[in-house]
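Here is what each chain is made of, one letter per residue.
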Amino acid sequence: MTTASAGSTGTSPAVEPFDVVDVIRTKRDGQALADGQIDWVIDAYTRGVVAEQQMAALAMAIFLRGMERSEIARWTNAMIASGERMDFQALSKPTTDKHSTGGVGDKITLPLAPLVASFGVAVPQLSGRGLGHTGGTLDKLEAIPGWRADLSNAEMMAQLESAGAVICAAGSGLAPADKKLYALRDITGTVEAIPLIASSIMSKKIAEGTAALTLDVKTGAGAFMKDEADARELARTMVELGTDAGVHTVALLTDMSAPLGRTAGNGLEVRESLEVLAGGGPADIVELTCALAREMLDAAGVHDADVEAALADGRAMDSWRAMISAQGGDVDAPLPVAKHVEDLRATEDGVVTGLDAMGVGVAAWRLGAGRSRPGEAVQAAAGVEIEAHIGDEVKAGDVLARLHTDTPERMPRALESIDGSWTLAAPGTTVRARKIVMDRIA
Ligand code: URA
C-alpha cells in the first residue's frame with residue numbers, strides 16, 4: 001500500500017487569510033461558505049489555529065443552518081486533504097468496504113467483514129469508537145483479550161493479504177480533521193447533521209482508498225436520522241460524494257426503530273456476533289449481514305455468492321479467527337462478565353409490538369458501554385441483554401432485559417432511560433415481521 005500526503009503541512013502562514021469569527025458568522029446567518037473559507041477553516045482547525053470552542057460554534061451553526069451540496073463536497077475534500085490517502089492497488093485482491101451511520105446493537109461489521117473476506121475479497125474496515133448513544137466497533141472488539149485496534153499501514157496490508165479482513169482504527173494520518181471534529185461533535189450535541197455525518201463518513205472512506213463502498217444508512221428512533229426523509233437525503237448525499245470520487249457506492253436504507261439483535265454493549269455484542277458466525281444468532285442480524293455481504297461482494301465482482309452457506313459451514317468463522325488472532329486477540333479466551341446484573345421485569349401480560357432503540361441505547365451507554373467525555377475508558381462487559389424483543393409474548397414478572405455493569409451506581413439512571421421502552425399489546429396479538437432493509441439507493 002502506498003500513502004500520499006496532502007494538505008496541512010503543520011506550518012502556519014505569517015498571516016491567516018480568514019478570520020474564523022467571520023466564517024462562523026457567515027454560517028450562523030444562513031449563508032453558504034465560500035470554497036476558500038471551507039478549505040482554510042478545516043486546515044486551520046487541523047493545525048490548531050482554530051480553537052475547539054470556535055469549531056464547536058461553527059458545527060452548531062452548520063447543524064442549525066445546513067449546507068448546500070457544493071459546500072458538503074468541498075468540506076469533504078478539505079477533510080480528505082487534511083491528511084494522507086491510502087492506496088490498496090498493490091493488493092492481489094479487490095477491496096470492498098462498508099460503513100454504517102450508527103445504531104443501537106449494530107454489531108454487523110463483526111460477522112460481515114470475515115464473511116465477505118471468506119470469498120477472497122479484501123475488507124479494509126477502518127472503524128471508530130462509540131459516538132453518542134451508538135456503540136463503536138473498536139470498543140466492541142477491545143472486549144476480546146489481547147486484541148489491538150492500532151495497526152501500521154504495513155501491518156494492515158499484510159493482514160489483508162493473509163486474513164482478508166482488517167478492522168482497525170484509522171491511523172492518525174487519515175482525515176485528521178475528522179478525527180478532531182468527530183470527538184468534538186460527540187460532546188457538543190452536533191452529531192445529527194446531514195452535512196457533518198456525510199462529510200465525516202465519506203472523507204474517511206475516500207481517503208482510505210477502497211474501490212467499492214456499501215453504506216448502511218439507518219433510520220428510526222435509535223438512528224441519528226430519526227426521520228426517513230432525512231435518512232434518504234443522507235444516503236443520496238453520500239452516494240453522490242462517493243460516486244464523484246470514483247468509488248462504487250451503494251446505500252441500503254435500514255430500520256433502526258428497534259435495536260438490532262438482542263444485545264447492546266461491547267462484550268455482549270461480540271458474543272452475539274459469534275453466534276451469527278457459528279451459523280445461528282438473531283434473524284435480523286443474519287438478514288442484514290447477508291444483505292450487506294451480497295452488496296459488497298457484488299461491487300467487488302463476486303456475483304450470486306451463497307453467503308448464508310458461508311455462515312452455516314464455518315468458512316466465515318475461520319476468517320474471523322484469522323482476523324482476530326492477526327491483531328493479537330485470543331479467540332478462545334472467555335469474554336468479560338459484568339460484576340453486577342439487574343433484571344427489568346414486565347408488569348403486565350402482553351405481546352411486544354415495539355421496543356424503543358433509543359431507550360436501550362442510552363441505557364447501555366449509561367451502564368458504561370459508551371463514554372461521556374473524550375478519551376474516557378468504556379466497560380467491556382457493560383450493556384443491555386434484551387430478553388423480550390418484538391413479537392415475543394410476555395407474562396407479568398417475566399424478564400424484559402438484563403442490565404450489566406461493573407459500577408452499580410450507574411444502574412438507576414440506566415433503568416430510568418430503558419423503563420417504558422417496551423410497547424405491549426393484548427396477549428395473542430399478531431405482530432408483523434420487521435422489514436430490516438427498507439430500500440436500496442445507488
Ligand atoms: N459515523 C461517522 O464516521 N461519522 C459520523 O458523523 C456518524 C457516524
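Residues numbered from 1 in each chain as written. Predicted model: local features only at pLDDT ≥ 70, side-chain atom pairs only at ≥ 80, totals over all residues. Heavy atoms only, no water.

**A short note on the packing of helix α5 (residues 109–117) against helix α11 (residues 266–277)**
Remark: α5 packs on α11, axes separated minimally by 8 Å, with the N-to-C direction vectors making an angle of 35°. The segment α5 lies against α11, with Leu 110, Pro 111 and Pro 114 engaging Glu 269, Val 270, Ser 273, Val 276 and Leu 277. Looking at the contact of α5 with α11 residue by residue, the classes come out as six nonpolar, one polar and one charged. (Axes fitted to C-alpha atoms, helices over the stretch in contact; angles between N-to-C directions. Helix = DSSP H or I, 4+ residues; strand = E, 2+ residues; numbered from the N terminus. Contact = heavy atoms within 4.5 Å. Nonpolar A, V, L, I, M, F, W, Y, C, P; charged D, E, K, R; others polar.)

**Observations concerning the packing of helix α4 (residues 69–81) against helix α9 (residues 194–208)**
Where α4 meets α9, the axes come as close as 8 Å, and the angle between the chain directions of the two elements is 45°. Put simply, α4 runs oblique to α9. Crossing of α4 over α9 shows right-handed handedness. Between α4, through Ile 72, Trp 75, Thr 76, Met 79 and Ile 80, and α9, the contact on the second element is made entirely by Pro 195, Leu 196, Ala 198, Ser 199, Ser 200, Met 202, Ser 203, Ile 206 and Ala 207. Partitioning the contact of α4 with α9 into residue classes produces 10 nonpolar, four polar and no charged. (Parallel < 35°, antiparallel > 145°, perpendicular 65-115°, else oblique. Left-handed = near helix turned anticlockwise from the far one by under 90°.)

**Digging into the packing of aromatic side chains**
Taken as a whole, this structure holds one aromatic pair when the rule is applied. Aromatic pair Phe 18 and Trp 40: ring centres 5.9 Å apart, planes at 40°, arrangement tilted. Here Phe 18 is found in the loop between β1 (2–5) and α1 (20–28), whereas its partner Trp 40 is found in helix α2 (residues 35–47), with 22 residues between them in sequence. Residue Phe 18 is classed as partly exposed on the basis of its relative accessible area of 32%. On the basis of relative accessibility, which here comes to 7%, the residue Trp 40 falls in the buried class. Across from the ring centre of Tyr 45, 4.3 Å away, lies the NZ or CZ of Lys 180, which sits over that ring. (Phe/Tyr/Trp six-rings, centres within 6.5 Å; stacked < 30°, edge-to-face > 60°. Buried < 20%, exposed > 50% of the residue type's maximum accessible area, 1.4 Å probe, protein only. Lys NZ or Arg CZ within 6 Å of the ring centre and 35° of its normal.)

**Section: the site of the ligand**
Around the ligand sit nine residues, and of these Tyr 182, Arg 185, Ser 200, Ile 201 and Lys 204 come closest. At 2.5 Å, a side-chain N or O of Lys 204 approaches an oxygen atom of the ligand. In the complex, 95% of the free accessible area of the ligand, which totals 240 Å², lies under the protein chains. For the ligand, the cavity whose grid points lie within 2 Å of the majority of its atoms is the largest pocket. (Near = heavy atom within 4 Å. Polar contact = N/O pair within 3.5 Å; in protein donor to acceptor, adjacent residues only side chain to side chain. Areas by Shrake-Rupley, 256 points an atom, 1.4 Å probe, with all protein chains shown as cover. 1 Å grid on protein atoms, 1.4 Å probe; cavity = no way out; pocket = protein on both sides within 12 Å on 5 of 7 lines; lining within 4 Å. Sits in = over half its atoms within 2 Å of the grid points.)

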